[in-house]
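The chain contents come next:
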Amino acid sequence: METQKPTLKKFIEEEAVTSAHESRTELTKAVISDLKQYERDITGQSKTFQEQIGDNIAKVNDLNERVKVKLNELGEAVRQVQVDMDEAHMKGVGGRNGLISNAMWILGLAFGIGVLYFFYANFDKALTIDNLILMTIMGLISVTMLFVATVI
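Description of the structure in this document.

Each value, and the rule that gives it
Residues numbered from 1 in each chain as written. Predicted model: local features only at pLDDT ≥ 70, side-chain atom pairs only at ≥ 80, totals over all residues. Heavy atoms only, no water. Helix = DSSP H or I, 4+ residues; strand = E, 2+ residues; numbered from the N terminus. Rg over C-alpha atoms; globule rule 2.2 N^0.38 Å. Buried < 20%, exposed > 50% of the residue type's maximum accessible area, 1.4 Å probe, protein only. Contact = heavy atoms within 4.5 Å. Areas by Shrake-Rupley, 256 points an atom, 1.4 Å probe, with all protein chains shown as cover. Lys, Arg positive; Asp, Glu negative; His and termini not counted. Charge placed at Lys NZ, Arg CZ, Asp CG, Glu CD. Patch = residues over 30% accessible without salt bridge, like charges linked within 9 Å, V, L, I, M, F, W, Y side chains within 5 Å. Salt bridge = Lys/Arg side-chain N within 4 Å of Asp/Glu carboxyl O. Polar contact = N/O pair within 3.5 Å; in protein donor to acceptor, adjacent residues only side chain to side chain. Expected span 1.5 Å × (residues − 1).

A separate point is the overall build of the chain. For the chain, the count of helices and strands is three helices and zero strands. Starting at the N terminus, the α and β elements of the chain follow one another as α-α-α. The C-alpha radius of gyration of the chain comes to 52 Å, more than 25% above the 15 Å expected for a compact globule of 152 residues. Its C-alpha atoms give the chain principal-axis dimensions of about 165 × 40 × 20 Å. For the chain, the residues scored as buried account for 9% of the 152 residues in total. Looking at the chain alone, contacts between residues at least 24 apart form 73% of all its contacts between residues at least 6 apart. As presented, the chain carries roughly 13,100 Å² of accessible surface, and 65% of it is formed by carbon and sulfur atoms. Between the averaged position of the 16 positive side-chain charges in the chain and that of its 20 negative side-chain charges there is a distance of 4 Å.

Encoded structure:
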């Protein structure tokens, strides 16, 4: 056994080296295979993520376009309101409307007081058809003028 010890030692070393080399080769192949699978998984996830980002960007662009359209429509509406307001506030129009409204109030009240006067003056006497018609017409004029004065 002592004489074969160097041969056995050499044989064991060769077997160990061969076994280590085979293990290293198998391990390298397994690691490379796992890395390729991991790369495929990452690439697939990356593509899915890129597609989702692309969809989100398209949705944001669509929303941006719709907001621009609505803002333009609102801008037109605001401009129209400004034009209408400028026309309503033309010099003298507001003052003239105020004067007309005040005159209508005064005339409406005057006709109302006239109706009350005719009613009180003729309360003791018998009301004639003429007085009744006159009071009705004056009352309608009074109500109409007061209504128009509140609208102006």
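The next subject is a nonpolar patch on the surface. Where nonpolar side chains cluster on the molecular surface, the patch consists of Leu63, Val67, Leu71 and Leu74 and spans about 370 Å² of accessible area. Since its relative accessible area comes to 54%, Leu71 is described here as exposed.

On to the side chain of Ser101, then. With respect to the helices and strands, the residue Ser101 is situated in helix α2 (residues 93-121). A relative accessible area of 11% places Ser101 in the buried class. At 3.0 Å, the side chain of Ser101 and the backbone oxygen of Ala149 are in polar contact.

Overall, the coordinates contain four salt bridges when judged by the stated rule. In this structure, Asp62 and Arg66 form a salt bridge, with 3.7 Å as the shortest nitrogen-oxygen distance. With a gap of four residues between them, Asp62 and Arg66 both fall in helix α1 (residues 5-88), about one helical turn apart. By relative accessible area, which is 41% here, Asp62 ends up partly exposed. Glu73 is the salt-bridge partner of Lys70, the closest N and O atoms lying 3.7 Å from each other. Of the two residues, Lys70 and Glu73 both sit in helix α1, three residues apart, roughly one turn of that helix. Taking the relative accessible area as the measure of exposure, Glu73 reaches 45% and is therefore partly exposed.

Okay, helix α3 (residues 129-151) next. In an α-helix, one turn spans 3.6 residues; hence positions three or four apart end up facing the same way. The terminal C-alpha atoms of α3 lie 33 Å apart, and with 23 residues this matches the ideal 33 Å at 1.5 Å per residue to within 8%. Within the span of α3, buried status applies to Asn131, Met135, Met138, Ser142, Met145 and Ala149.

Turning next to a negative patch on the surface. Taken together, the side chains of Glu13, Glu14, Glu15, Glu22 and Glu26 make up a negatively charged region of the molecular surface. For Glu14, the location among the structural elements is in helix α1. Given the relative accessible area of 44%, Glu14 is considered partly exposed.

Tracing the chain through its elements places Ile141 in helix α3. Taking relative accessible area as the criterion, Ile141 reaches 31% and is therefore assigned partly exposed. When the C-alpha positions of Ile141 and Asn56 are compared, they lie 68 Å apart, and in sequence the two are 85 residues distant.

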